[in-house]
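Topology and contacts: notes
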Amino acid sequence: KFRTSLTLLGIVIGVAAVITMMAVGNGSKQQVLDQISSMGTNLLSIRPGAPGMRPSGDIGTLTMEDADAIATLDNVEVVVPERTGTKTIRYGNTDLQTSIQAEGLSFSQARDWNVVEGNFFSLPDQNSYAPVAVIGKTVKDTFFPLGQDPIGKMVLIGNIPFEIIGVMDEKGAAPWGQDQDNAVFIPVTTGMVRLFGSNYLSGITVRITDTKIVDETEKAITDLLIQRHKTEDFSVRNTASFLQMASNTQNTLTVLLGAVAAISLLVGGIGVMNIMLVNVAERTREIGIRMATGARAQDILLQFNTESAVVCTLGGMIGIAVGLLTGFGISLFDVPIQFTVGPALL
């Protein structure tokens, strides 16, 4: 019984390690992919400056007219002209350095980012350069920590008063760690004229309808802008490529974790082999009696293989249970866990 328990222990530890580490790897992978997907995997990002140059709205290559022209292309669902910058926003005696994002009307649709309180700005707001703002969750928590209603309140962005008309849903941190909720959204026209004093955009975000022909759409946009600008003074980035890159990286990490866990399983298998070899030496009398009564070598071999198979199967089942329990325990510490059938069956 003691020998069998030791044999079981090796298999249990090996299987549990595989189940747990693969669950951690898959959970981490899914978390990263979800974060990137939340940014929009069907988006094309157009930035000013030739490829290889650092993007900046001050380069002055993208205009509102460019955004209107792109909107006429096939497979383009919505186009969002953008002008971004950093300003100090003030409410009462509280100041906050935050990202000011002057956006087009289709921003919520393009980013799948909804307003949970109040409303997003409208076409009349954009056409009249209205000083209205929609704030992120972090901005709301900073200025209204006691849960006060921010709608209708006036804040100073720079030295210009803006009326809060809405609050965006909580988005969380971007994959690179930036707090996406620490932002204020205003009409793109208001931002260019009243805050930034520039007729040029920081970028244009394009949401496409069919991601299967994203390359063709990207080429059509590139050709259109080259025709308009007479030169390639912009760059087009496909966010779907970020998702593929992140997926490939996470797959590599998952394989690495699986390989480390598989070593534990291999060690457990070697332990089973060693114990069974010890069994053969200690059960010489039993083997001799069986052979004396007609058993052949293959019958003895079948007996020991059957015993080891039963021990490994039982140890594997216990190991799966231990791995699941360990994974659930780890998830209590806010570690992303995702169980799959594959490792258990393997």
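No experiment lies behind these values; they were computed from the predicted model shown. (Residues numbered from 1 in each chain as written. Predicted model: local features only at pLDDT ≥ 70, side-chain atom pairs only at ≥ 80, totals over all residues. Heavy atoms only, no water.)

1. Remarks on the pattern of salt bridges
Counted according to the given criterion, the structure contains twelve salt bridges. The salt bridge partner of Asp-66 is Arg-228, with a shortest N-O separation of 2.7 Å. Of this pair, Asp-66 sits in helix α2 (residues 64-70) while Arg-228 sits in helix α7 (residues 214-229), and the two are 162 residues apart along the sequence. Looking at Arg-228, the relative accessible area reads 39%, which means it is partly exposed. Of the charged contacts, one joins Glu-77 and Arg-207 as a salt bridge, the two residues approaching to 3.4 Å between their closest N and O atoms. (Salt bridge = Lys/Arg side-chain N within 4 Å of Asp/Glu carboxyl O. Helix = DSSP H or I, 4+ residues; strand = E, 2+ residues; numbered from the N terminus. Buried < 20%, exposed > 50% of the residue type's maximum accessible area, 1.4 Å probe, protein only.)

2. Regarding the packing of aromatic side chains
Within the structure shown, the criterion is met by eight aromatic pairs. Geometrically, the ring pair formed by Trp-113 and Phe-185 is edge-to-face, given 5.3 Å between the ring centres and 80° between the ring planes. In this pair, Trp-113 is assigned in the loop between α3 (107-111) and β4 (115-118) and Phe-185 in strand β8 (residues 183-187), connecting sequence segments 72 residues apart. The pair Trp-113 / Phe-185 is uniform in exposure class, with both members buried. Between Phe-328 and Phe-339, the aromatic rings sit 5.3 Å apart at their centres with planes inclined by 55°, giving tilted as the arrangement. In this pair, Phe-328 sits in helix α10 (residues 297-331) while Phe-339 sits in the loop between α10 and α11 (341-345), placing the two residues eleven residues apart along the sequence. Residue class for Phe-339 comes out partly exposed when judged on its relative accessible area of 29%. Over the aromatic face of Phe-196 sits the side chain of Arg-83, whose NZ or CZ is 5.0 Å from the ring centroid. (Phe/Tyr/Trp six-rings, centres within 6.5 Å; stacked < 30°, edge-to-face > 60°. Lys NZ or Arg CZ within 6 Å of the ring centre and 35° of its normal.)

The values are spatial; any link to function lies outside them.
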